[in-house]
Amino acid sequence: FYFVFLFFFLFFLLFEADLSLPLAKELPSRHAQLNALRSTEEFDVLVIGGGATGAGCALDAVTRNLKTALVERDDFSSGTSSRSTKLIHGGVRYLQKAIMKLDYEQYLMVKEALHERANLLEIAPHLSAPLPIMLPVYKWWQLPYYWAGIKMYDLVAGIHCLKSSYVLSKSKALELFPMLKKDRLVGAIVYYDGQHNDARMNLSIALTAARYGAAVCNYTEVVRLLKHDGKVCGVRCKDLITGQEFDVKAKCVINATGPFTDSVRKMDSQQVENICQPSAGVHIVIPGYYSPDNMGLLDPSTSDGRVIFFLPWEKMTIAGTTDTPTNVTAHPIPREDDINFILSEVRHYLSQDVEVRRGDVLAAWSGIRPLVTDPDSKDTQSICRNHIVSLSDSGLVTIAGGKWTTYRAMAEETLDAAVGAHKLLADRCRTVGLMLEGAKGWTPTLYIRLVQDYGLEKEVAEHLASTYGGKAFDVAKMAQVTGQRWPIVGKRLVSEFPYIEGEVLYAIKEYACTAIDVIARRTRLGFLNVQAADEALPRIVQIMSEELGWSREKSAAELEAARTFLHQEMGYRSRSEQLTRTAEINLDQYEKRFHKFDKENKGFITIVDVQRVLQSINVHINENALHEILNEVDLNKNGQVELNEFLQLMSAVKKGQVSDSRLAILMMTAEETLDKRGPVTVDRSGGGV
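Please read all numbers here as calculations on a predicted model, not as lab measurements. (Residues numbered from 1 in each chain as written. Predicted model: local features only at pLDDT ≥ 70, side-chain atom pairs only at ≥ 80, totals over all residues. Heavy atoms only, no water.)

A.B. asks: Please explain the overall build of the chain as it appears in this structure.
C.D. replies: Each helix and strand in the chain was counted, giving 26 helices and 20 strands. Counting over 689 residues, the chain shows a buried share of 55%. Counted over contacts in the chain with a minimum sequence separation of 6, partners at least 24 positions apart contribute 72%. Counting every atom, the chain has about 30800 Å² of accessible surface; 54% of that belongs to carbon and sulfur. (Helix = DSSP H or I, 4+ residues; strand = E, 2+ residues; numbered from the N terminus. Buried < 20%, exposed > 50% of the residue type's maximum accessible area, 1.4 Å probe, protein only. Contact = heavy atoms within 4.5 Å. Areas by Shrake-Rupley, 256 points an atom, 1.4 Å probe, with all protein chains shown as cover.)

A.B. asks: Teacher, can you tell me more about the nonpolar core here?
C.D. replies: Soluble globular proteins tend to bury their nonpolar side chains together. Counting residues in hydrophobic clusters, the biggest one holds 62 residues, and the most contacted among them are Ile133, Phe309, Phe497, Leu525, Ile540 and Leu566. Ranked by the residues each element gives to this core, the list is headed by helix H18 (residues 530-548), at nine residues. In contact with leucine 566, other than residues within four places in its own chain, are Ile519, Gly526, Val530, Ala533, Asp534, Leu537, Gly571, Tyr572 and Arg573. (Core = buried A, V, L, I, M, F, W, Y, C linked by side-chain atoms within 4.5 Å.)

A.B. asks: Sorry if this is basic, but what is going on with a nonpolar patch on the surface here?
C.D. replies: A grouping of Ile99, Met100, Trp141, Tyr145, Met152 and Leu155 is seen on the molecular surface, where their side chains present a nonpolar patch of about 660 Å² in accessible area. Top element by residues in the nonpolar patch is helix H6 (residues 142-157). It accounts for three residues. Classification of tryptophan 141 by relative accessible area gives exposed; the value is 56%. (Patch = residues over 30% accessible without salt bridge, like charges linked within 9 Å, V, L, I, M, F, W, Y side chains within 5 Å. Salt bridge = Lys/Arg side-chain N within 4 Å of Asp/Glu carboxyl O.)

A.B. asks: Mind showing me how you'd approach the pairing of strand S2 (residues 68-71) here?
C.D. replies: Here is the key point about a regular strand: its side chains alternate between the two faces of the sheet. Because side chains alternate across S2, one face comprises the buried residues Thr68 and Leu70, and the other comprises Ala69 and Val71, equally buried. In this sheet, S2 lies alongside strand S1 (residues 43-48) in parallel orientation, the contact comprising four bridges. Each residue of the ladder has a partner; that of isoleucine 48, found in S2, is valine 71. Each parallel crossover has a hand, and the one from S1 via helix H3 (residues 52-62) to S2 is right-handed. (Pairing = 2+ DSSP bridges. Right-handed = clockwise from strand over helix to strand, strands pointing away.)

A.B. asks: Please clarify how the environment of alanine 98 should be interpreted in this entry.
C.D. replies: With respect to the helices and strands, the residue alanine 98 is situated in helix H4 (residues 92-100). Taking the relative accessible area as the measure of exposure, alanine 98 reaches 7% and is therefore buried. It is 9.5 Å that separates the C-alpha atoms of alanine 98 and methionine 109, two residues lying 11 residues apart in sequence. Setting aside chain neighbours within four positions, we find alanine 98 in contact with Asp103, Gln106 and Tyr107.

A.B. asks: Any chance you could explain the environment of glutamate 558 here in plain terms?
C.D. replies: Inspection of the secondary structure puts glutamate 558 in helix H19 (residues 552-569). It is 9.5 Å that separates the C-alpha atoms of glutamate 558 and serine 545, two residues lying 13 residues apart in sequence. Filtering out sequence-adjacent residues up to four positions away, glutamate 558 remains in contact with Thr514, Ala515 and Trp550.

A.B. asks: Would you explain the packing of aromatic side chains in this entry?
C.D. replies: Note on aromatic pairs: each is described by the distance of the centres and the angle between the planes. Applying the stated criterion to the full structure yields 13 aromatic pairs. Geometrically, the ring pair formed by tyrosine 289 and tyrosine 290 is stacked, given 5.2 Å between the ring centres and 25° between the ring planes. In textbook terms, an aromatic cluster arises when at least three aromatic residues are bridged by ring pairs, as seen for Trp141, Tyr145 and Tyr146. For lysine 181, the ring lying beneath its charged end belongs to tyrosine 138, and the centroid distance is 5.5 Å. (Phe/Tyr/Trp six-rings, centres within 6.5 Å; stacked < 30°, edge-to-face > 60°. Lys NZ or Arg CZ within 6 Å of the ring centre and 35° of its normal.)

A.B. asks: Would you explain unusual backbone geometry in this entry?
C.D. replies: Of all residues except glycine, most have a negative phi; of all peptide bonds, most are trans. Note that the residue after glycine 320, namely threonine 321, is joined by a cis bond; omega there is 20°. Looking at the secondary structure, you find threonine 321 in the loop between strand S14 (316-320) and strand S15 (324-325). The phi dihedral of lysine 86 falls on the positive side, at around 70°, and the residue is not glycine.

A.B. asks: Hey, could you run me through the pattern of salt bridges in this one?
C.D. replies: Where charged atoms of side chains with opposite charge meet at close range, the side chains can pair. Applying the stated criterion across every chain yields a total of 34 salt bridges. Across the salt bridge formed by arginine 408 and glutamate 412, the nearest N and O atoms sit 3.0 Å from each other. One end of the pair, arginine 408, and the other, glutamate 412, are both in helix H11 (residues 407-422), four residues apart, so they sit about a helical turn from each other. Here the salt bridges do not stand alone but share partners, grouping Asp75, Asp517, Arg521 and Arg522 into one network.

A.B. asks: Any chance you could explain the packing of helix H22 (residues 607-616) against helix H23 (residues 623-631) here in plain terms?
C.D. replies: The geometry of a pair of packed helices is captured by two quantities: the angle between their axes and the separation between those axes. Closest axis-to-axis distance for the H22/H23 pair is 10 Å, and the angle between their directions is 120°. As for the relative orientation of H22 and H23, their crossing is right-handed in sense. On H23, the residues touching Ile607, Val610, Gln611 and Leu614 of H22 are Glu623, Leu626, His627 and Leu630. A per-class count over the contact of H22 with H23 returns five nonpolar, two polar and one charged. (Axes fitted to C-alpha atoms, helices over the stretch in contact; angles between N-to-C directions. Left-handed = near helix turned anticlockwise from the far one by under 90°. Nonpolar A, V, L, I, M, F, W, Y, C, P; charged D, E, K, R; others polar.)

A.B. asks: I'm lost on the pairing of strand S17 (residues 387-391) in this one. Help?
C.D. replies: As paired elements, S17 and strand S18 (residues 397-401) share five bridges and run antiparallel to each other. Counted as the bridge partner of histidine 387 is glycine 401 from S18. The turn joining S17 and S18, which pair antiparallel and follow one another in sequence, is formed by five residues; a positive phi near 95° is taken by glycine 395.

A.B. asks: What am I meant to see in the state of the cysteines here?
C.D. replies: Here, disulfide denotes a covalent bond that connects the sulfur atoms of two cysteines. Scanning the model with the defined rule gives zero disulfides in all. Summary of cysteine pairing: cysteine 513 is not part of a disulfide, and the nearest cysteine sulfur, belonging to cysteine 217, is at 7.6 Å. (Disulfide = S-S within 2.5 Å.)

Laid out in structure tokens, this is it:
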């Protein structure tokens, strides 16, 4: 018995040793990663693309003890992977199609996705969590129909079911989701899916691969494929930061470029036909008061047959998505028609007491889904979002299609194909249960230690814990002293969000190279509120400039590029368009309000005019804050608000196209205070004979 026990004990130790891999305590710098790309004689695997699938392939390869590299033309998760609905899900509507059409392939896809959902929630608990989603029912016959479908969803999940779905009465549904439309509501069904911070999740996968030894590098473009005897043997790369070009040799090259799949395939052979059919999905972000803190909403059948999700996310509310055929571009722009479509669908499900205003849209973005082409399909909505792995005659391995949730399974299948085709000496796949960056050391109460040990605000500590997990302590060490009694450390970038200046410094360690990287992917400020992101940009650029040694010209270019990103890709342009629409209402009262500030009838007001009025009512606002307030309305950016600009603002506010304008609220409050005071009498003024 003793020898049997010893045998199994030694076998267990050997098995565990086989699973243990060296994990670097410090992330290599981007410079070190570039040197590794240049100096390594030959990699086993080179992955093109730093989205979820590409990063997943790199992590799978390096944990099989393969010498691995990854290059990304832009930033990690700069494309579709950061512009999702933020759900980790199996796909309720795919299961419905599988049942209605007796489609076994779609059933297997849902089952695989539900398994991967459970794995993702386990390996990154700080970035993901189960989310209850309500499906409101307005017809009695739909209640058993939807209940059966959702219960089937639970059944397919099996042991991976997060929590059992349940039915709610009308009164209970309104108690949990008070914003819901009451008329004709008969009840609701609640089921569970996962939710995550998609860009941070993608980054965590890439950083984990880097810690295991992969040479991962962003802003490194593939100029062309290298070939020897007709076989792909590497790539010619260009460092977009320095402009230098160099070759990277590899036994196997994997194309994981999402919507740009066909661009890389045509580098291999111009004769190949396209296999991806891109589809644009637009999302909007509106204030958090539109939804409960921990309950989402699903509209299973919109006016045009799409599905709309309405979800709490990062203390805001996210709504989407659309599904429209599009052209492939690196800079997709949300269309006004799509924004208004989502708002219209949201109105159908919310109480009449809740006014859904166009001006409440804080950010909007469009993501391009890399759907796999089905020649028999008439529209993108009927395309199965499954994936394919293909091998070209020259040995280029391509992974295309799929969905965020199944990135790990897609990567495993891709590496299995690559290992077989190129006869690589590799271990088995180890990514099931492999904890991602920040997962180690995270607990639900970790934020309390951050508050106690560093003197951070509770909201900031909760944010750091849920964003960086166990690495939150490294970020806290970089936080600057505030000079206040409380909080002791942690200067915020903008007052209404928990992002702090120390995160900008930490973002550089996480390979952030531009201000856009910080506002869009290291933090999510650009996705949550474009106006707040715009206000934070000067300080972000200043911190990065000091850390990276940027020149004044480089800093100015970074600031301009980031503002262009917000203006074009994050919906800031739409705000300007709302302000410049022709007024259709009586604006006489607002013209009078304007002239209470413009005492000299100049036709415009400046900071000095606003300060003078505010001082007369004993209100004092910091000059920098006043500058930001006026800048929101100053469309031609000449440092002053002209009468026409002000009237355009008030027209947009009146129509609901713009909300929460600080200048409009400030001037209205000041006018009301002045009117209450009335004219000062002679005896009270000390005048008279």
